[in-house]
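# Observations on the three-dimensional arrangement
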Amino acid sequence: MTSPSNPPGPQAPTLDLGGRTALVTGAAGGIGRACALRLAAAGAKVRAVDRDAAGLEELADGARGLPGGVEPHVLDLTDLDAAELAAAGTDILVNNAGLQLVRPIEEFPPDVFHTVLTVMLEAPFRLVRGALPHMYGQGWGRIVNVSSVHGLRASAYKSAYVAAKHGLEGLSKTAALEGAPHGVTSNCVNPAYVRTPLVEKQLADQARAHGIPEERVLAEVLLQDSAVKRLIEPEEVAEAVAYLCGPYASFVTGTSLVLDGGWTAH
């Protein structure tokens, strides 16, 4: 029991995003869904952007009763003008949407390379561009780019994904430098392999590329360089995203928050 002579220690601040509007891309599943729910739980009104209408409706149902709310916004991010318009008026922008194809460079379809760069690099640029006027006007904003360990390290057979994530790191740092005088932070969150449909779909591709059975891919390929031999849960990534929006992260900008189980410690 606490007495006047033994006061409680300092309390960790709760994340209160009441009155804030957040936009999360790729929100219908995986990391995006977890981020949307976490920010809505903190009181933010979340614009959930995805091309999967059914997935967005399931997300909205799952968010009922949370302090904030989730507003489904069906959008294909290859429509860059629409993406920029969708970001207007947002206080928090979480660039999360992504796609993956595992192929050697000489076999990588150029049209897929173009699409990956459009969704994962050009669309984030347009979303940031659309969000900044409002953020600058109020003197506060948070940009969180869900990058990857592949924004810091390369892996074979992932030319488009690695190129896009490396580019996203540079875009995030530039936004941090430009946004600092206006109270806007910009950071990346860099997970290793997360338990998402995107990773699950890689198993067959990786097995084919490396010439090994699919059941060996997780241990021998995906987790080979990780000291912690497990997949990350989407909720763990969402908590890192939430931290960057919180009261103790106002001095954190232009950097990458790495959740890679020790991968980059090598």
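Structure's up top.
This section reports on the structure supplied with the text. Note that the structure is predicted; figures quoted are calculated from it, not measured.

### Comments concerning the pattern of salt bridges
Scanning the model with the defined rule gives 9 salt bridges in all. Its salt-bridge partner being Glu71, residue Lys45 comes within 3.8 Å of it at the nearest N-O pair. Taken together, the positions of Lys45 in strand 2 (residues 45-50) and Glu71 in strand 3 (residues 69-74) put the pair 26 residues apart, joining distant regions of the chain. Given the relative accessible area of 46%, Lys45 is considered partly exposed. Between Arg126 and Asp81 there is a salt bridge whose closest N-O contact spans 2.4 Å. Residue Arg126 is found in helix 4 (residues 110-138), and its partner Asp81 is found in helix 3 (residues 80-86); the two are separated by 45 residues along the sequence.

### Thoughts on the packing of aromatic side chains
This model, assessed by the stated rule, comprises 2 aromatic pairs. Where Phe108 meets Phe113, the ring centres are 6.2 Å apart and the plane angle is 85 degrees; that geometry is what we call edge-to-face. A residue is classified by how much of its surface remains accessible, and Phe113, at 34% relative accessible area, is partly exposed. Between Tyr193 and Trp263, the ring centres sit 5.8 Å apart and the planes meet at 25 degrees, which makes this aromatic pair stacked. Of the two residues, Tyr193 is situated in the loop between strand 6 (184-191) and helix 6 (197-210) and Trp263 in the segment after strand 7 (256-259); the sequence distance between them amounts to 70 residues. In terms of burial, Tyr193 and Trp263 fall into one category: buried. The lysine or arginine in question, Arg20, covers the ring of Trp140, its NZ or CZ lying 3.7 Å from the ring centre.

### A word on the packing of helix 1 (residues 30-41) against helix 8 (residues 234-245)
Remark: helix 1 packs on helix 8, axes separated minimally by 8 Å, with the N-to-C direction vectors making an angle of 50 degrees. Between helix 1 and helix 8, the crossing angle belongs to the class labelled oblique. For the element pair helix 1 and helix 8, the recorded crossing hand is right-handed. Contacts between helix 1 and helix 8 pair Gly30, Ile31, Ala34, Cys35, Arg38 and Leu39 from the former with Pro234, Glu235, Val237, Ala238, Glu239, Val241, Ala242 and Cys245 from the latter. Each residue belonging to the contact of helix 1 with helix 8 can be placed in one class, and the counts come to 10 nonpolar, 1 polar and 3 charged.

Rules used in this analysis
- Residues numbered from 1 in each chain as written.
- Predicted model: local features only at pLDDT ≥ 70, side-chain atom pairs only at ≥ 80, totals over all residues.
- Heavy atoms only, no water.
- Salt bridge = Lys/Arg side-chain N within 4 Å of Asp/Glu carboxyl O.
- Helix = DSSP H or I, 4+ residues; strand = E, 2+ residues; numbered from the N terminus.
- Buried < 20%, exposed > 50% of the residue type's maximum accessible area, 1.4 Å probe, protein only.
- Phe/Tyr/Trp six-rings, centres within 6.5 Å; stacked < 30°, edge-to-face > 60°.
- Lys NZ or Arg CZ within 6 Å of the ring centre and 35° of its normal.
- Axes fitted to C-alpha atoms, helices over the stretch in contact; angles between N-to-C directions.
- Parallel < 35°, antiparallel > 145°, perpendicular 65-115°, else oblique.
- Left-handed = near helix turned anticlockwise from the far one by under 90°.
- Contact = heavy atoms within 4.5 Å.
- Nonpolar A, V, L, I, M, F, W, Y, C, P; charged D, E, K, R; others polar.

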